[in-house]
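Secondary and tertiary structure notes
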Amino acid sequence: MPFNAAVITFPGSNCDRDMAVAIEEICGGTVHRVWHGDAGLPEGLDFIALPGGFSYGDYLRSGAMAARSPVMQAVVEAANRGVAVLGVCNGFQVLTEAGLLPGALMRNAGIRFVCRDVKLKVENANSLFTSGYLPGQTITIPVAHHDGNYFADDVTLDRLEGEGRVAFRYLEPVNGSQRDIAGVLNDKGNVLGMMPHPERMIEPAHGGSDGRKLFESVLRGLNVLA
Amino acid sequence: MKVRVHVSLKNGVLDPQGRAIHHALEGLGFSGVNDVRAGRLIELDVADSVTDEALDEMCRKLLANMVIENYRIEKVAA
């Protein structure tokens, strides 16, 4: 069965095309472009991506308005059914605001917008999204955000670490995130939120291709399950 | 009915904006400022039929992020 994916576009999303291109190039199949006001999602989706950007101008809190938009009801239902959901940057903020992932993303500790390549450690190489990496592997993926400072209380952080739900960790100071967390998984492992942009690192012309393996992992993982 | 919702960061949550404001106040020569916490004020004009429970739910579902923020509802005399 061909890979069937959707990329959700909110007003103010700006990485939706990059995300769609990455999925098309690496996973093939069909990539539906879904508008935030749509009440439903296409049938039979394998994979939903929430892209980066500044949905609703970051009004109230980053991701807060998008998390309450009509299409997100359908995304939450799909995630609860086990559909794979990836949120990158603003998409990660939307996933926490929607309650699909624990914690919150606050203003960077250094106040400044951070836009550069960063080194990450792959903490969990067994997940649907990360099985193509080696455990503990160092990869380089760019970040571009103002609100990437991951916060959760200590009990939640301990639980995330204990359950292997920290997918990626920064190997350098970036934004003040608790325990240098760059990406987290939900309890079932079918939802990943991360601040770095894997879709911006998929070919040598991007300066590297460390993001490719994330999409390859999803493709392979879903085929195995199918 | 006018309602003010005061949203503030929970104690123990680092407030980078408050810290920057604090730093700027010191830069302007103001001394004696021990700490600064920045929050948000949201003013609502609601029908008198809106219940306290509904206001509370508005805060918990949207106006505040309960992971990091507290809220206080203040009803303002017309």
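Above this text sits the structure in question.
Report on the accompanying structure. (Residues numbered from 1 in each chain as written. Chains lettered and ligands numbered in written order. Predicted model: local features only at pLDDT ≥ 70, side-chain atom pairs only at ≥ 80, totals over all residues. Heavy atoms only, no water.)

1. What to know about the interface of chain B and chain A
Listed as interface residues are 17 residues of chain B and, on the opposing side, 14 residues of chain A. Summing both partners gives a buried area of about 1200 Å² for chain B against chain A, and 66% of it is carried by carbon and sulfur. At the boundary of chain B and chain A, one finds 1 salt bridge. The shortest N-O distance in the salt bridge between Glu69 of chain B and Arg61 of chain A comes to 3.7 Å. On the surface where chain B and chain A come into contact, there are 6 residue pairs in polar contact (both at pLDDT 80 or more). (Contact = heavy atoms within 4.5 Å. Buried area = accessible area lost by both parts, 1.4 Å probe. Salt bridge = Lys/Arg side-chain N within 4 Å of Asp/Glu carboxyl O. Polar contact = N/O pair within 3.5 Å; in protein donor to acceptor, adjacent residues only side chain to side chain.)

2. Describing the side chain of His36 of chain A
Residues and elements named next belong to chain A. One can find His36 in the loop between β2 (30-35) and β3 (47-50). By relative accessible area, His36 is classed as buried at 14%. Those residues in contact with His36, other than ones at most four positions away along the chain, are Thr9, Phe10, Pro11, Tyr56, Ser69, Pro70 and Val71. (Helix = DSSP H or I, 4+ residues; strand = E, 2+ residues; numbered from the N terminus. Buried < 20%, exposed > 50% of the residue type's maximum accessible area, 1.4 Å probe, protein only.)

3. Things to note about the pattern of salt bridges
Evaluated as defined, the whole model comprises 20 salt bridges over all chains. For Asp154 of chain A, the salt bridge goes to Arg179 of chain A, with nearest N and O atoms at 3.5 Å. Taken together, the residues Asp154 of chain A in helix α5 (residues 154-162) and Arg179 of chain A in the loop between β9 (166-170) and β10 (181-185) connect sequence positions 25 residues apart. What makes Asp154 of chain A partly exposed here is its relative accessible area of 49%. Residue Arg4 of chain B is joined to Glu74 of chain B by a salt bridge in which the shortest nitrogen-to-oxygen separation is 3.7 Å.

4. Thoughts on the sheet that holds strand β3 (residues 69-76) of chain B
Residues and elements named next belong to chain B. Ordered by their spatial adjacency, 3 strands build an open sheet running β2-β1-β3, and the pairing between neighbours is antiparallel. Edge positions in the open sheet fall to β2 (40-45) and β3, since each of these has one partner strand only. Between one strand and the next, the sheet's axes are offset by a mean angle of 20°, whatever the strand orientation. Bridge count between strand β1 (residues 2-9) and β3: 8 bridges; the pairing is antiparallel. In the strand pairing of β3, Val3 is matched with Lys75. (Pairing = 2+ DSSP bridges. Axes fitted to C-alpha atoms, helices over the stretch in contact; angles between N-to-C directions.)

5. Regarding helix α1 (residues 16-27) of chain B
Look at α1 of chain B: 16 Å from first C-alpha to last across 12 residues, which is about the 16 Å you get at 1.5 Å a residue. Here the buried face of α1 of chain B lies against β8 (149-151) of chain A. Immediately downstream of α1 of chain B, the backbone of Gly29 of chain B shows phi near 95°, a positive value. (Expected span 1.5 Å × (residues − 1).)

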